Amino acid sequence: MSLFAPGDRTVALLAQVAVERSVDRYPDGLTYAVPATLADLRAGERVRVPLGRGDTPVEGIVVRTIAADSEPAPSAARLKFVESRSGDAPPMPAQLVELARWISAYYVCPVGMTLAAMTPAAVKRGTGTVTRAFVDLASGWEAALAAAKRVSAQQRAAIGALHAMPAGDRPVDLRELRERAGLGTDEPVKRLVAAGIVTIERRSTVEASWRAERVLADAEPELTTAQRSVVDAVGAAVGAGFSQHLLFGVTGAGKTEVYMRLIRRALDAGRTALVLVPEIALTPQTGGRLLARFPGERVAILHSGLTAAQRNQQWNLVSSGQVRLVMGARSAVFAPVPDGQLGIVIVDEEHDSSYKQDQMPRYHGRDVAIRRAQLAGCPVLLGSATPSLESWFNATERKASALHVLRERAPGLRLPSVQVVDFAEERRRFPDQRVHLLGPTLAGAVQTTLDTGGQVLILLNRRGYANYIACADARCGWLMRCDRCDAGMICHTLPSPAGGAAARYVRCHHCQSEQRLPRECPQCGRGITVFGLGVQRVEEELTRLHPALVPGSTMLRIDADSMQDAEDFHDALGRFGRGEVRLLVGTQMIAKGLDFPGVRLVGVVNADTALNLPDFRAAERTFQLVSQVSGRCGRGADAGRAIVQTFQPDAPAIRLAAAHDFESFAAGELDMRRKFGLPPWKRMARAVVRDESEERAREDAESLARALAAAAERANVGRTPEEHIQVSGPFPCPIARIADRWRMQVEMMAPTAASLGKFLTSARNEGTLRPGEAVAVDVDPVALM
Ligand code: ADP
Ligand code: ZN
């Protein structure tokens, strides 16, 4: 029995235990007594504890232990005891538990839920591993072979096959060796292992598949002076405690090369390097390059495309200290690198919004990475060609971070010339009345580039075929909207059977509901027309303009609809890299991180897609997108050219991105943000109240806003106006209803992260702010829709 029997036991140790579904009132978990048999219990260990009135046994993680006499002990008579240790999964490193406490407090999320999000599900259950055997000739295999008593023909075939392979292809997957040597079983190989002639090593399937991508012989180039000074400065910080660095380097400046040298430094110092990249499925090239540079090093890769068993295995590899290079997307920031091991944290493309998680805990991977480095006492390096204004502000205004700059592209490469094309102007040049998405300038450049053997990227950051579905008669004015959301429906096409007309359907991009494309207007019975922008329509127009481009063969479309998984994306990029595909048309998936020397033209169909959104980061996003996608060309011997179509050629975000002038853009944008009291000058938090009843959503939001305003008033006593917490709202979210739920928001602004954190914590402990299904709290939000 776990219940405390009063009087007959003294409690020496208390443990605060985070249970996944525990209430929010206890940010550090629930307090339990620790029985003498578990006196060595430590933070990070998994335990079973009784919960609730029925004492249902549940699993939890020890957040911290406290000597019973060090604190006013909670009434001992009512304390329950920790039942036992649970499972065989390794404990979490104490620094990760610390990190969880910080996330829980800062991002307003119960610590149990935070910890649950940090550990992969399979680890919680301790299931399955996935490995493959890799075989190589042992060193001194010839002598071992000479000494062997009997060597079968099959064993000789295996040795022969290994020997015939170029050294770079070994170790080889056992299955492949069996195929090459014509073996029916593994037995001959096992015997060779026993005889010391070959070696066998187990590697994770994840690592195996990435190794297969190996970029051949990536020779280490000589660093430029600028690269060297960054490597020296940040490298000197490895092993010297926490420090924060921003690497601002134009696209193609050789930032990846800098990362690789720094990883080397950390490994040489006997430490582990943790590298974060935006959603890894989207940057297969970076992964391949890193692996190629460290062929002898075991690498753990953590991303959302892994199966539960694979994730579990990667987690265990890291936690046991067997791998010292860890790479992955957002959640890899929780890799269980043992305490004291971390040598450097690198965040590539730190501006990327995929670092922000959009469900609880709503953390920002970049900011958590900084905190993690702080706890581990190691340097953190953020890198980007278009730093977020937050990071730029930290480096230039607050001087909280060292700034390193690479102004020029790597030797032999030039920045592309970017031409901004006024699309209103272009339209006047069309001889016919049809609606075109590619103007004469861009269409002509595509033709010339294809004719002269170059490759082309065409970007339109909007999925589907067309974003308006309307009555063909303008006087009627019917426009198709989602029944469940405050948003228009988007027309999509299905891949057409050869030659046939493409089938069309409609989809809502917010609730994902789908319907047939109506045949007639429900209001007046006349026909339907679809218009507006969509990447599928661009694909169709390219086929019409350039008959030599064959969809699925010499032309590929890359977006969330055409790419089912990371494998598809790898495959598509492989075909592009080999030159089989001449043109890629896609959404922002093609704007990131790709490095293909054959790309001579980049076209942006419409740079304005994000510019007019009601979000204060609209200009920043537009600048990033235009700079990043233009940066994909000019990575070979030929200078590249980018053509940007826009209706707003004078918008600073577009004009300055074309001029490769991040610093002027950042200066202007920061000025504006200061004027309006927006981040990064202030810290923002947003509470979104959701309810199926519009009225209840408004009422609840109103009372929340009142309570928060009152709390702010109390907090502001004795402070100067600059130090004030400001609460505004409620007002309807820009998308006022999603999936049948009405959405109202309340906004909070604070001068610093610390003051915002303090305010939110007290609002939470007073019960004013109860994050959950009905109220979403987003601290430092990146999406304001
Ligand atoms: P970034 O990450 O800044 O966009 P990359 O690291 O992809 O830039 O570098 C662009 C190209 O330049 C790559 O092909 C890389 O191998 C090459 N490169 C990087 N540094 C050097 C150097 N010092 N000398 C020659 N080539 C380099
Ligand atoms: Zn919808």
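Being a predicted model, the structure only gives us computed values, none of them experimental. (Residues numbered from 1 in each chain as written. Chains lettered and ligands numbered in written order. Predicted model: local features only at pLDDT ≥ 70, side-chain atom pairs only at ≥ 80, totals over all residues. Heavy atoms only, no water.)

A. Region of interest: the coordination of the zinc ion (ligand 2). Within the protein, C482 (SG), C485 (SG), C508 (SG) and C511 (SG) serve as the donor atoms for the zinc ion (ligand 2), at 2.3 Å. One chain supplies every donor to the zinc ion (ligand 2), and in sequence these donors are spaced C-x2-C-x22-C-x2-C. A residue pair is termed long-range when its members are at least 10 positions apart, and C482 in the loop between β18 (468–471) and β19 (490–493) and C511 in the loop between β20 (504–507) and β21 (514–516) qualify at 29 residues. Of the residues examined, C511 reaches a relative accessible area of 16% and is grouped as buried. (Donors = N, O, S within 2.8 Å, 3.2 Å for Na, K, Ca; no water. Helix = DSSP H or I, 4+ residues; strand = E, 2+ residues; numbered from the N terminus. Buried < 20%, exposed > 50% of the residue type's maximum accessible area, 1.4 Å probe, protein only.)

B. Seen up close, the packing of aromatic side chains. Enumeration over the complete set of coordinates arrives at 13 aromatic pairs. Taken together, a centroid distance of 5.1 Å and an interplanar angle of 45 degrees make the contact between F248 and F662 tilted. Highlighted residues: F248 in strand β9 (residues 243–249) and F662 in helix α21 (residues 662–675), separated in sequence by 414 residues. F248 gets classed as buried once you look at its relative accessible area, which sits at 6%. Given the relative accessible area of 5%, F662 is considered buried. With a centroid separation of 4.9 Å and an interplanar angle of 70 degrees, the aromatic rings of F393 and W681 are classed as edge-to-face. Here F393 is found in helix α14 (residues 389–396), whereas its partner W681 is found in the loop between α21 and β27 (683–691), with 288 residues between them in sequence. Like W681, F393 is buried. Three or more aromatic residues joined by ring pairs form one cluster here, namely F248, W392, F623, F662 and F665. In this structure, R737 packs its charged tip against the face of W742, placed 5.3 Å from the ring centre. (Phe/Tyr/Trp six-rings, centres within 6.5 Å; stacked < 30°, edge-to-face > 60°. Lys NZ or Arg CZ within 6 Å of the ring centre and 35° of its normal.)

C. Representation of the site of ligand 1 in the model. Around ligand 1 there are 19 residues in total, and E222, Q227, G252, K255 and T256 lie nearest to it. The contact in question runs from a nitrogen atom of ligand 1 to an N or O atom on the side chain of Q227, over 2.8 Å. G254 places a polar main-chain atom, nitrogen or oxygen, 3.0 Å from an oxygen atom of ligand 1. Look at ligand 1: alone it shows 560 Å² of surface, and the protein chains cover 81% of it. (Near = heavy atom within 4 Å. Polar contact = N/O pair within 3.5 Å; in protein donor to acceptor, adjacent residues only side chain to side chain. Areas by Shrake-Rupley, 256 points an atom, 1.4 Å probe, with all protein chains shown as cover.)

D. Molecular detail of a negative patch on the surface. Negative charge collects at one region of the surface, where E694, E695, E699, D700 and E702 lie side by side. By the element assignment, D700 lies in helix α22 (residues 694–716). (Patch = residues over 30% accessible without salt bridge, like charges linked within 9 Å, V, L, I, M, F, W, Y side chains within 5 Å. Salt bridge = Lys/Arg side-chain N within 4 Å of Asp/Glu carboxyl O. Lys, Arg positive; Asp, Glu negative; His and termini not counted. Charge placed at Lys NZ, Arg CZ, Asp CG, Glu CD.)

E. Focus on helix α7 (residues 187–194). Among all positions of α7, only P188, V189 and L192 are buried. Along the axis of α7, the buried positions cluster into a sector of 100 degrees, meaning they face one direction only. Two residues or fewer past α7, G196 is found with a positive phi of approximately 75 degrees. (Arc of directions from axis to C-beta.)

F. Examining the side chain of N716 more closely. Inspection of the secondary structure puts N716 in helix α22. If near-sequence neighbours (up to four positions away) are discounted, N716 is found in contact with H724 and I725. (Contact = heavy atoms within 4.5 Å.)

G. How the structure looks around the nonpolar core. Judged by nonpolar contacts, the single largest core of 111 residues is most densely connected at L115, V326, I558, L584, L760 and V779. Among the elements that make up this core, the one with the highest residue count is α22 (seven residues). Discounting residues that sit within four places of it in the chain, L115 has contacts with A18, I61, V63, M92 and A100. Within the second largest apolar cluster, 29 residues are counted, among which are I263, L325, I344 and I346. (Core = buried A, V, L, I, M, F, W, Y, C linked by side-chain atoms within 4.5 Å.)

H. Representation of unusual backbone geometry within the structure. Here the amide bond leading from M360 into P361 is cis, since omega sits at -10 degrees, within 30 degrees of zero. The peptide bond linking P679 to P680 adopts the cis configuration, its omega dihedral lying at 5 degrees. Looking at the secondary structure, you find P680 in the loop between α21 and β27. A positive phi is found at Q512, a non-glycine position, where the angle reads about 65 degrees. Looking at where Q512 falls in the secondary structure, it is placed in the loop between β20 and β21. One non-glycine residue with positive phi stands out, namely A739, at about 45 degrees. Note on placement: A739 falls in the loop between β28 (726–738) and β29 (741–750).

I. Structural view of the packing of helix α5 (residues 153–164) against α7. Relative orientation of the contacting elements α5 and α7 amounts to 80 degrees, with a least axis distance of 9 Å. On the basis of their axis angle, the class for α5 and α7 is roughly perpendicular. Here Q154, Q155, A158 and I159 of α5 come into contact with α7, specifically with P188, R191 and L192. In terms of residue class, the contact of α5 with α7 is made up of four nonpolar, two polar and one charged. (Axes fitted to C-alpha atoms, helices over the stretch in contact; angles between N-to-C directions. Parallel < 35°, antiparallel > 145°, perpendicular 65-115°, else oblique. Nonpolar A, V, L, I, M, F, W, Y, C, P; charged D, E, K, R; others polar.)

J. Broad picture of the confidence of the model for the protein chain. In the predicted model, the protein chain carries a mean pLDDT of 87, and the fraction of residues at 70 or more is 91%. Contacts from residues 1–8, a stretch scored under 50 in pLDDT, to residues over four places away or in other chains number 14 contacts. Note on residues 211–216: pLDDT is under 50 here. Beyond four places in sequence and across chains, it has 13 contacts. (pLDDT = per-residue confidence, 0-100.)

K. Focus on the sheet that holds strand β14 (residues 379–384). Taken in spatial order, the seven strands line up as β11-β12-β10-β13-β14-β9-β15 in an open sheet, and their pairing is parallel. The open sheet has two free edges, formed respectively by β11 (299–302) and β15 (402–406), since each of these has just one partner strand. Across the sheet, the mean angle separating the axes of adjacent strands is 15 degrees when strand polarity is ignored. Here four bridges tie strand β10 (residues 272–276) to strand β12 (residues 325–328), and the two strands are oriented parallel to one another. Bridge pairing links A273 to L325 in β12. In the packing of helix α9 (residues 225–237) onto the sheet, contacts are made with β9, β13 (342–347), β14 and β15, and the angle to β15 comes to roughly 155 degrees. (Pairing = 2+ DSSP bridges.)

L. Geometry of the sheet that holds strand β17 (residues 455–459). Pairing is parallel in the open sheet, where six strands are placed in the order β16-β26-β25-β17-β24-β23. Whereas interior strands pair on both sides, the edge strands pair on one side only; in this sheet they are β16 (417–422) and β23 (555–558). Neighbour-to-neighbour, the strand axes of the sheet open up by a mean angle of 15 degrees, direction not taken into account. The pairing of β23 with strand β24 (residues 583–586) spans four bridges and is classified as parallel. Directly across from M555, in β24, lies its bridge partner L583. Running over the sheet, helix α18 (residues 566–577) touches β17, β23, β24 and β25 (599–604) and is turned about 145 degrees from β23.

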